[in-house]
Every structure is written in C-alpha cells, then in structure tokens.
Amino acid sequence: MLTRTTFDEVADRISALIGLPAGRIGPDTALSALAVDSFRMVELVVDLQEEFDSAFGQAELALVSTVGELADLLAGESATASAAGAPRPVPTEAG
Amino acid sequence: MNTPRLTENDVWLLNYYRLSEVNGALFFGRIARIVRGPLQVDVTHHFADEANHARYWTDCLDDLGHAPHRLPSGYQDQYLEVAGMPANLMEVLAITQVFEKRVIGVYRRHLRHPGTHPRVRQTIERIMLDERRHIGYVRTALEQMADKYGADRIEKAVDHFTQADREVYAKTIAEYGERFAHLTADYDLRADDDAYDDTYGDLDDAEGVPRIATNLGKGATLC
C-alpha cells in the first residue's frame, strides 16, 4: 500500500534529478510526461531502486505508467526486501 | 609499403564508432551519477574511458584529414528500443556486458582486415585495452550481485540482452551493408588468434568473441 511518505520521497528524488518542482509531480503524473530521454530515464529508475533498495526488473517496470505506480512498485519491492530472509521474487521474463 | 587510403565507407564507419563511444560516455555518465559503493570507481572510470575513446576517434579522423560529422543514430539508440530499458543496476551491467562483447568483436574483426589503416589500427588497439578491463569489472560485479538478484535472473537478463543485440546487429548490417563489408568478409579469423591472444590475453572463443569466464552470459556468439 502506497504511503504518502513513500510517494513524497519518490517525488522529491525525481524532482531533484530532473529539475521539475515536486509540487508538479503527482501520483497520476505519467512517466512519459517527465520529459526525459531514455538515458535519463534509466538513471532515474536505477537511482530510485538503489535508494529504496528494490530490485524489480524490466518486466515489472513495463507495467507501470505513472509516478504513483512506480512509487507503489518501489514500496512493494522494498517491503519484500526487508522481510527477514525472504527471497526476492524471480520474474518469469528477463530482468 | 603503401599506406591504405580511407574510403568514404571507412570515414563513415569511424564516425559511427565515434558516435557509439560518445553515446557510451553519455550513458555511463548517467550511471556514474547514481551508482553507490565500490562500483563508483569502476563506473566512473568506464565513463571517462568512453569519453576518451570518442576523443581517440576524433583525433584519428582529424589526423587523417577528415572532420567528424554527425550521423542520425548510433548502435545504442536501437539497443534500448529493441532490448528495452534496463530497470536496475544489474540489468545495466548485463546490457553493458553484452554490448562490450559486441564492441570487442567488431573491433577485432576490423583489426583483422588487411586494409586497415595503421592510424585506425593504432586507435582500435588503444581502445581494446580499456574494453578488456570493462569486461572484467562488469563480470565481477554481476557475480557479486547474485545474492541480491539471483544467478538465474542475471543469466536470463544477459540472455535477453544478447538476443536483442543479435537483432540490432543484424538490422545494422542489413541497413548499412557495404559500410560494414570488411566486418562481414569471409576471411580466416583464426589465422591471427595466437598473435592476438599474446597481445590481449585469452579472452576469446574460437569465433573471436570474448569468452566471459563465468556461468553468467554464456552461449552467445556473434552472428
């Protein structure tokens, strides 16, 4: 379940990276609307994963289209990672 | 000995290499900004190497009397389109491993072409020393990521990007045809293997493709 804190953290980090005011980044903001090129998007997503200690791959990322969904994914993966000794889910597709 | 002259295709290809190195530097610059821990050293070094490689090609073209010129797109532009965007650091390194293998394979084939200009040869040989180091640190880093991502998942990622690379390479050869003629020429690749390995170390399998000494990323050969 997405918490306001998690979303705020994600929005703040995105804001810092791409220079878009955090107030203009909402849960329904499309990732495609962040106006970043592909290399920058890789940087953004990888940075968020490293920051939130998550490990989702291409397959999971392909299913999200908004910042809110991305934050949910990060929160979900982080919760999974923090579960004591819980193995990470292995997606069926590469990544 | 007559020094070979650059053809128009040669100049195009050197510009293609140059663009590829520029794109590599831009990509690794992005990754260097956000990578944490000990990998910061290797990734930052990698970023600097790619930028230097772009400079080597620029200098090579300049020395041979040609100004670098823009090309509409490079190899990496098609890569992300076909392979998809890497979503985590492991996938970044997996796609890097595959791409570096391709680069080494292409450069090796270029070196083997008897008509390669000495200045071009010098440039490739200089770049190849760095590429060998890149392969090494990426291999080690992927092995160390097995705890977090799982060895199977890493292998799947490498296989996925290898398949994408084959598709992109085939498209590139088909699109640019004669520009890459010397890379697809049917000459004996094994003739210089011993001499090459003495210089660059035993990185290669029989086809001249770098053999990654790990269970990760096995199996792919260049088409």
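Residues and elements named next belong to chain B. Interhelical geometry of helix H2 (residues 39-63) versus helix H4 (residues 89-112) gives an angle of 35 degrees and a closest axis separation of 14 Å. Judged by the twist between their axes, the crossing of H2 over H4 is left-handed. Residues Leu-39, His-46, Glu-50 and Trp-57 of H2 touch H4, and the partners they reach there are Leu-89, Leu-93, Thr-96, Glu-100 and Tyr-107. For the contact of H2 with H4, a count of residues per class yields five nonpolar, two polar and two charged.

It is worth spelling out the interface of chain A and chain B at this point. Residue-level contacts link 29 residues of chain A with 26 residues of chain B. A combined buried area of about 2,400 Å² lies between chain A and chain B, and 59% of that area is made up of carbon and sulfur atoms. Counting across the interface, chain A meets chain B through five salt bridges. For the salt bridge of Glu43(A) with Arg33(B), the shortest nitrogen-to-oxygen distance reads 2.4 Å.

Turning our attention to the nonpolar core. The biggest cluster of nonpolar side chains holds 63 residues, and the ones touching the most others in it are Leu39(B) and Trp57(B). Listed by contribution, the elements that provide at least two residues to this core are helix H2 (38-52) of chain A together with helix H1 (8-34), H2, helix H3 (75-83), H4, helix H5 (118-144) and helix H7 (151-176) of chain B. If we skip the residues at most four places from it in the chain, Trp57(B) touches Leu14(B), Tyr17(B), Arg18(B), Glu21(B), Tyr107(B), Val120(B), Thr123(B), Ile124(B) and Ile127(B). Grouped together as the second largest cluster of nonpolar side chains are 25 residues, Ala11(A), Leu34(A), Leu73(A) and Leu74(A) included.

What counts and what doesn't
- All residue numbers refer to positions counted from 1 along the written sequence of the respective chain.
- Here the convention is simple: chains get letters from A, ligands get numbers from 1, in the order in which they are written.
- Totals for whole chains, interfaces and linings use all residues, but because this is a predicted model, local features are given only for residues with pLDDT of at least 70 and pairs of side-chain atoms are given and counted only at 80 or more.
- Only hydrogens and water are set aside; all other atoms, that is, all heavy atoms of the structure, feed into the side-chain values.
- In this analysis, axes come from line fits to C-alpha atoms, helices being fitted only over the stretch in contact, and the angle between any two N-to-C directions falls in the range 0 to 180 degrees.
- A run of H or I in DSSP counts as a helix once it spans at least four residues, and a run of E counts as a strand once it spans at least two, with each numbered from the N terminus.
- Here a crossing is called left-handed whenever its near helix is offset anticlockwise from the far helix by less than a right angle, and right-handed whenever the offset is clockwise.
- Contacts are assigned to residue pairs that have any heavy atoms within 4.5 Å of one another.
- Charged means Asp, Glu, Lys or Arg here, nonpolar means Ala, Val, Leu, Ile, Met, Phe, Trp, Tyr, Cys or Pro, and polar covers whatever is left, Gly included.
- Accessible-area loss on putting two parts together, using a 1.4 Å probe and summing over both, is the definition of buried area adopted here.
- Salt bridges are identified by distance alone: a Lys or Arg side-chain nitrogen within 4 Å of an Asp or Glu carboxyl oxygen.
- Nonpolar core, defined: a set of buried Ala, Val, Leu, Ile, Met, Phe, Trp, Tyr and Cys residues in which side-chain atoms within 4.5 Å join the residues together.
- The classification of residues rests on relative accessible area computed with a 1.4 Å probe and restricted to protein chains. Under 20% of the type maximum is buried, over 50% is exposed, and intermediate values are partly exposed.

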